[in-house]
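Given next are the chains, with one letter for each unit.
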Amino acid sequence: MIHLNSRDPRPIYEQIMDNLRRLIISGGVASGDRLPSVRELAAQLAINPNTVQKAYAMLESEGLMTSHAGAKSCMVVTEEHVAAIRRELLQNDALSVIAALRQMGLSK
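Notes on the structure follow.

Cut-off values and rules
- Residues numbered from 1 in each chain as written.
- Predicted model: local features only at pLDDT ≥ 70, side-chain atom pairs only at ≥ 80, totals over all residues.
- Heavy atoms only, no water.
- Helix = DSSP H or I, 4+ residues; strand = E, 2+ residues; numbered from the N terminus.
- Buried < 20%, exposed > 50% of the residue type's maximum accessible area, 1.4 Å probe, protein only.
- Contact = heavy atoms within 4.5 Å.
- Lys, Arg positive; Asp, Glu negative; His and termini not counted.
- Charge placed at Lys NZ, Arg CZ, Asp CG, Glu CD.
- Core = buried A, V, L, I, M, F, W, Y, C linked by side-chain atoms within 4.5 Å.
- Phe/Tyr/Trp six-rings, centres within 6.5 Å; stacked < 30°, edge-to-face > 60°.
- Lys NZ or Arg CZ within 6 Å of the ring centre and 35° of its normal.
- Axes fitted to C-alpha atoms, helices over the stretch in contact; angles between N-to-C directions.
- Parallel < 35°, antiparallel > 145°, perpendicular 65-115°, else oblique.
- Left-handed = near helix turned anticlockwise from the far one by under 90°.
- Nonpolar A, V, L, I, M, F, W, Y, C, P; charged D, E, K, R; others polar.

Right, let's get into the overall build of the protein. Each helix and strand in the protein was counted, giving 4 helices and 2 strands. Listing every helix and strand of the protein by position from the N terminus yields α-α-α-β-β-α. Along the first, second and third principal axes, the C-alpha set of the protein runs to 55 × 30 × 20 Å. Here the protein, with 108 residues, has 31% of them falling under the buried criterion. For the protein, long-range pairs separated by at least 24 residues make up 55% of all intrachain contacts whose partners lie at least 6 apart in sequence. Taken together, the 12 basic and 11 acidic charged side chains of the protein have centroids lying 5 Å from each other.

Here we come to the nonpolar core. One broad rule of soluble globular proteins: the nonpolar side chains tend to lie buried together. Ile16, Leu20, Ile24, Leu41, Val52, Tyr56 and Met75 are the most contacted members of the largest nonpolar core, which totals 25 residues. Of all elements in the fold, only α1 (12-26), α2 (38-45), α3 (49-61) and α4 (79-103) reach the threshold of two or more residues within this core. The element that contributes the greatest number of residues to this core is α1, accounting for 6 residues. Other than its neighbours up to four places away in sequence, Ile16 contacts Ile2, Leu4, Leu41, Leu45, Ile47, Thr51, Val52 and Ala55.

Inspection of the secondary structure assignment puts Asp18 in helix α1. Taking the relative accessible area as the measure of exposure, Asp18 reaches 12% and is therefore buried. Here Asp18 is in contact with Arg10 and Leu89, once residues within four sequence places are set aside.

All chains considered together, the criterion is met by 0 aromatic pairs. A cation over an aromatic ring shows up here: Lys54 above the ring of Tyr13, its NZ or CZ 4.2 Å from the ring centre.

Let's shift gears to the packing of α2 against α3. The interhelical angle for the contact between α2 and α3, taken along N-to-C directions, is 120°, at an axis separation of 8 Å. Considering their axes alone, α2 and α3 lie oblique with respect to each other. The handedness of the crossing between α2 and α3 comes out as right-handed. Contacts between α2 and α3 involve Val38, Leu41 and Ala42 from the former and Pro49, Val52, Gln53 and Tyr56 from the latter. Grouping the constituent residues of the contact of α2 with α3 by class yields 6 nonpolar, 1 polar and no charged.

Next comes the structure, spelled out in structure tokens:
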């Protein structure tokens, strides 16, 4: 489900968020789907639970998931979320490609 890249310079919580966003736009996660608990995901990824908690809290602040005390977290996905995430990921990927092309010495 979620894969971390040790060579990725981004913080782990951002990688978790990015993985979940990509799962949303690919249809791998739908609205109402339950996510692993913070402890379960931390154990699966062999990382600190606080890192997972930070990713979940940020996703919740973006309106992509809900959580309740004592209950598992659930995804909240709307068409607007999918469109916004797709736009953001495409823009980030395009900027990465442009940066790589510049590093290779290519110009406009």
